[in-house]
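Per-entry structural report
In case you want the letters, here they are:
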Amino acid sequence: MYEFNYRKVDSVAAAVEAMQQAEDGKFVAGGQTMLPTMKHRLASPSDLIDLGGVAELTGISVENENLIVGAMTTHAAVAASAEVQQAIPALARLAGNIGDPAVRNRGTLGGSIANHDPAADYPAAVIALGATVQTSKRAIPAEEFFTGMFETALKDDEIVTSVSFPLPEAAAYMKFENPASRYAIVGVFVAKTGGEVRVGVTGATACAHRGFRLEAALGGELDAGGIDAVELPVEQMNSDIHASAEYRAHLVKVMTKRAVEACQ
Amino acid sequence: MNENGIGASVRRKEDQRFLIGKGNYTDDINVAGQTHAVFVRSPHAHAEIKGIDCSGALAAPGVVAVLTGDDLAADGIGPLICGVTVTSDDGEPHRAPAHPALAQGKVNYVGDHVAIVIAETRAQARDAAELVDVDYNVLPAVIDTGSAADSGQQQIHEVAPDNVCYNWPFGDKDGVEAAFAGAHKVSKLDLVNNRMVTNPMEPRAALGEYNPGTDEITLHLTTQNPHVHRLVLSAFNQLAPEHKLRVVGPDVGGGFGAKIFVYAEELVVGWACRKIKRPVKWNGDRTEAFLADAHGRDHVSTAEMAMDENGKFLAMRVQTQANLGAYLSTFSTMVPSYLYAFLLAGQYSTPLIYSEVKAVFTNTAPVDACRGAGRPEATYLVERLVDICAADMGLDPAEIRRRNFIPVDAFPYQTPVVQCYDSGDYPAALDKAMELADYSGFSARAEEAKSRGKLRGIGLSSYVEACGIAPSAAVGQLGAGVGLWESAQVRFNPTGNVQVFTGTHSHGQGHETTFAQLVCDQLGVPIENIEVIHGDTAKTQFGMGTYGSRSLAVGGVAIARACDKLIAKGKKIAAHALEAAEGDIEFADGNFSVAGTDKAMNIAEVAFTAYVPHSYPEGVEPGFDENAFFDPTNFSFPAGTHICEVEVDPDTGVVEVVKYSAVDDFGRLINPMIVEGQVHGGIAHGVGQALLEGCSYDSEGQLITASYMDYAMPRADNLPSFDIDYAPTNPPDNPLGVKGCGEAGAIGAPPAVINAISNALGVRHIDMPATPETVWRAAQQAAAVSA
Ligand SMILES: Cc1cc2nc3c(=O)[nH]c(=O)nc-3n(C[C@H](O)[C@H](O)[C@H](O)COP(=O)(O)OP(=O)(O)OC[C@H]3O[C@@H](n4cnc5c(N)ncnc54)[C@H](O)[C@@H]3O)c2cc1C
């Protein structure tokens, strides 16, 4: 780890201001991605602005048919939340299966989506549920939020404050875990909301995305009968020692089918 | 029975300190004036060093010294050695390239040691290490085991044309050929034994202190064998004479073989602390462990078996190319040779065996012993081949094994490959394992699984291994530079408690308990009055350390022998005190008594008398403190049958181990609970190799699996609850009747798992690690073939 300045702030406004003043600042939430990256000397921010003390960023509530989760809410808190379990049980289960207990007790929703690891779980849910990401500047629809590998629509001084998930009629997440890291080799979140079925896919490609071809095959129904026939663009799939592009494309379909079945 | 003696599952004495966080590992030890070292490592797999500019690093805050290979050479330190000679087919010793502890002009793998940077803090040393400017001329790298010796490959070492370390043919080639020519059937299999990173939980570390007053270096190391370290560092690396070098292996967090060897960091830290006259600490991080701990396995083989019409094995032929990495680690040469080819008989009476091993250099980390060392490779090959034979002959895998087992009445059994097996009852272990696994109920379970869309498979592995390493004369003949006896000292203090000094080293095996039980059983001393001491060359007599499941089978016997001597001496002292003839004194349960009377004396009282010899037998020395050295006459040969049952999800290729049964012959069990723990860990290790662990370099020699993000270790949820039982026999060559249990699981499990997967998929073979994608592809292919 290189030297850096540590800044503790107690409001979103103060965090933004600290960022604007910093030479090359970074926000830190749970630190579960940020700190390992710094320890490996792959990141060397001049300032680390800790969102841990910003009370307005935590909390879970249901308002106007939306589940609203504060950006600093930990995975463990989402998993254990009665509101989440009631409103979107698939989301609680997803959170409860991220990493290990230490990671879940520190890692946050805001950190996960701001980081946009192509193998992270939350992005699939955010996309499939048609969520809206609320930031210190604006509201960003899920589909515009994730722009590329480790890239999002966020500006440098923009903070995710909360995510609001419209309540679905049915939803399920199926994750095919990397045997080593236990991140998603492929994760598919299927949600039926307001009569529409959406599929959010993570892990498979550089960027979490909507599975439009899969959605077309489902045709708004929770019936996986047409999934096998879907042709996915293998050349766009990630490929590594754990899973080739071809295998990932196959897994996307298997996970989709299983998620659809789990929705029923 | 003594309630804490042999056969009792006594809770581990050492766990108190581990469970309350009072273990004392090398990194826990801090000394006044200590500096911190970081190694500059090669980022390239193969490169010439055109120059090293240390000026930036030397000017960095807190830096005390930056030392390179030139400094090391100027002081005449090193190079590192390989302690076992293997004679190549040209009659010459194996090719041994120079192995400098800090690179001299060339680096040969990613992680190779280039310089040591020493600073006041670890962070300063890391910062400064980045400022060491090394000018590399990158060369093509040789990575792949199978093609390393192909013509046209870049030659890594001048002394090793074609990158060959040795070609080692072994056995009756002509006899084997004749048997193959006349065989009813020949079964053949190509297979890979995947490379593993050994992964002890505690990364390696070293702390060196130099005392100018005594001219003595003290090195705290993560070592499995402190005296071996001291011997090699003194006699071969010129660090300091043995009497001026103290090596301490304090608590060590696992070794699995990787901490046997003398590493560059250890020698360099020892040398540097004297050079800068300040203590130097190096604490390796996990990345360094991946890059620069010795790795294990990495064989590419072809195996063939010739059979008669009844499936009786007539002859076996094996060709193996073994990767030794960039340099020869301390015992590397013996692993794919003596520890491998000598085990190729397995549990079978195959009369003729011929093997050819070609050991090659590559631009990868050195490869050496890893839990089982050679024996897992042999067992995997034999037990996979036997399943292929069964398939080719249309026999049940259990049946073909049974037909070829060495018969019970043939022990001691001389194999055609040097080893003479001590004792065994292979059918008994197979029967028991089949019962435990409900082998006959398998087809019903497979049917039921099918109804859930799962493919269920069952696989057997009947392994044998050689432990209790080893008879000194035997290993000497083979070219080892050391003898492999073990030592013990059993010392009574005047107040009757006992200190047991062993030359072995416990780094997770529970010796402090098991050895205390031996003494408790033999001398009748309460177990809480016995302390086992190991791991410090300043405290214990010379010993050979712990590896090859030798500690109990060799070191335990040395302890028992020392106890014998105490009993003999005690009889003299008791006879005098009890006014009886020495021949009338009997010893049992801690009491010396006069036969046929109620006159008796406790061993603690005898010890006291020996230290306060006011009234004492003539000609007997005072003191109650005996030592013994034990050199075994043979290896010990644990064996058993493991049965694995898996369910494969054909849609994803995910393999679930649903049932695992193991029946082992470890001879007599001293602490069944500890043995069970060793079996569990071993099986986990073996399942890890079969399903998860694959060390992988890219074509440029970058280690892709350099962290747990990519290197998959087995975890609890990868494993079922194991069903474990024993089918012990009594090894006549071992005075304690024990065989060794630390490696069995890692040896037995891989073929059991792969046999089960092959069975589930109905395929001939699948290479390890059987990752979901590999299994999925095999399932697809099998489905396409049967369609
Ligand atoms: C061992 C391990 C296993 C893991 N397994 C999984 C897994 O299975 N699935 C999975 O999805 N993830 C996994 N993770 C990642 C984990 O979920 C992280 O917590 C998450 O990716 C980042 O969240 P964080 O709160 O720790 O963010 P940090 O590490 O603090 O920050 C990450 C990035 O997000 C930025 N950031 C943080 N919060 C905000 C905000 N509110 N607004 C704007 N930018 C912000 C930071 O500046 C930084 O760039 C794992 C992590 C570890 C260490």
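Residues numbered from 1 in each chain as written. Chains lettered and ligands numbered in written order. Predicted model: local features only at pLDDT ≥ 70, side-chain atom pairs only at ≥ 80, totals over all residues. Heavy atoms only, no water.

**Examining the sheet that holds strand E11 (residues 170-177) of chain A**
Residue and element names in this part refer to chain A. Taking strand neighbours across the sheet as the criterion, the four strands line up as E11-E12-E13-E14 in an open arrangement whose pairing is antiparallel. Either end of the sheet is taken by a strand with one partner, and the two such strands are E11 and strand E14 (209-210). By the bridge criterion, two bridges tie strand E13 (residues 196-202) to E14 in an arrangement that is antiparallel. Residue pairing across strands places Gly200 opposite Arg210, the latter belonging to E14. Taken strand by strand, helix H5 (residues 89-96) contacts E11 and strand E12 (184-193), and its axis lies near 20° from that of E11. Its contacts with the sheet place helix H11 (residues 245-263) against E11, E12 and E13, and it is angled at close to 35° to E12. (Pairing = 2+ DSSP bridges. Helix = DSSP H or I, 4+ residues; strand = E, 2+ residues; numbered from the N terminus. Contact = heavy atoms within 4.5 Å. Axes fitted to C-alpha atoms, helices over the stretch in contact; angles between N-to-C directions.)

**Some details on the domain arrangement of chain A**
All names here are of chain A. Considered domain by domain, chain A is made up of domain 1 (5-50) and domain 2 (58-263). Its C-alpha centre places domain 1 at a distance of 25 Å from the equivalent point of domain 2. In this assembly, ten residues from domain 1 lie in contact with 14 residues from domain 2. Buried area between domain 1 and domain 2, both sides added, is near 910 Å², and the carbon and sulfur share of it is 67%. Here domain 1 and domain 2 share zero salt bridges between them. Considering each element in turn, the side of domain 1 that touches domain 2 owes the most residues, five residues, to helix H1 (residues 12-21). (Domains from an automatic or database assignment. Buried area = accessible area lost by both parts, 1.4 Å probe. Salt bridge = Lys/Arg side-chain N within 4 Å of Asp/Glu carboxyl O.)

**Considerations on the site of the ligand**
Residue and element names in this part refer to chain A. Neighbouring residues of the ligand: 32 residues in total, closest Phe27, Ala29, Gly31, Met34 and Thr108. Gly30 has a polar backbone atom sitting 2.8 Å from an oxygen atom of the ligand. Residue Arg182 places a main-chain N or O atom 3.2 Å away from an oxygen atom belonging to the ligand. Protein contacts shield 91% of the accessible area of the ligand, which totals 960 Å² for the unbound molecule. Within the residue set of the shell around the ligand, elements represented by two or more residues are strand E2 (25-28) and helix H7 (109-115). (Near = heavy atom within 4 Å. Polar contact = N/O pair within 3.5 Å; in protein donor to acceptor, adjacent residues only side chain to side chain. Areas by Shrake-Rupley, 256 points an atom, 1.4 Å probe, with all protein chains shown as cover.)

**So, the side chain of Thr302(B)**
All names here are of chain B. Along the chain, Thr302 turns up in strand E15 (residues 299-307). Here the side chain of Thr302 touches Asp190 through a polar contact of 2.9 Å, side chain to side chain. Those residues in contact with Thr302 that lie beyond four places of it in its chain are Lys188, Leu189, Asp190, Arg317, Val318 and Gln319.

**Some words on the sheet that holds strand E27 (residues 625-630) of chain B**
Residue and element names in this part refer to chain B. Spatially, four strands are ordered E23-E22-E21-E27 in an open sheet, and the strand pairing comes out mixed. Either end of the sheet is taken by a strand with one partner, and the two such strands are strand E23 (530-533) and E27. Within the sheet, the average angular offset between the axes of one strand and its neighbour, ignoring direction, is 15°. With five bridges joining them, strand E21 (residues 486-492) and strand E22 (residues 498-502) adopt antiparallel strand pairing. Following the sheet pairing, Val490 is matched in E22 by Val500. Contacting E21, E22 and E23, helix H15 (residues 511-523) crosses the sheet at an angle of about 135° to E23.

**So, the packing of H15(B) against helix H16 (residues 551-577) of chain B**
Residues and elements named next belong to chain B. Contact pair H15 / H16: the axes reach a minimum separation of 10 Å and the direction vectors enclose 30°. Considering the relative orientation of H15 and H16, their crossing is right-handed. Across the interface between the two elements, His511, Thr514, Phe515, Leu518, Val519, Gln522 and Leu523 from H15 touch Ser551, Leu552, Gly556, Ile559, Ala560, Cys563, Asp564, Leu566 and Ile567 from H16. For the contact of H15 with H16, a count of residues per class yields ten nonpolar, five polar and one charged. (Left-handed = near helix turned anticlockwise from the far one by under 90°. Nonpolar A, V, L, I, M, F, W, Y, C, P; charged D, E, K, R; others polar.)

**Focus on the layout of surface pockets**
Taking a probe equal in size to a water molecule and rolling it over the atoms shows the remaining empty space. Roughly 880 Å³ of volume is contained in the second largest pocket. Secondary structure elements with two or more residues in the lining of the second largest pocket: H5, E11 and H11 of chain A together with strand E29 (655-665) and helix H18 (672-692) of chain B. The element that contributes the greatest number of residues to the lining of the second largest pocket is E11(A), accounting for six residues. The residue makeup of the lining of the second largest pocket, split by class, is 18 nonpolar, five polar and eleven charged. (1 Å grid on protein atoms, 1.4 Å probe; cavity = no way out; pocket = protein on both sides within 12 Å on 5 of 7 lines; lining within 4 Å. Points joined across faces, edges and corners; volume = space filled by probe spheres on them.)

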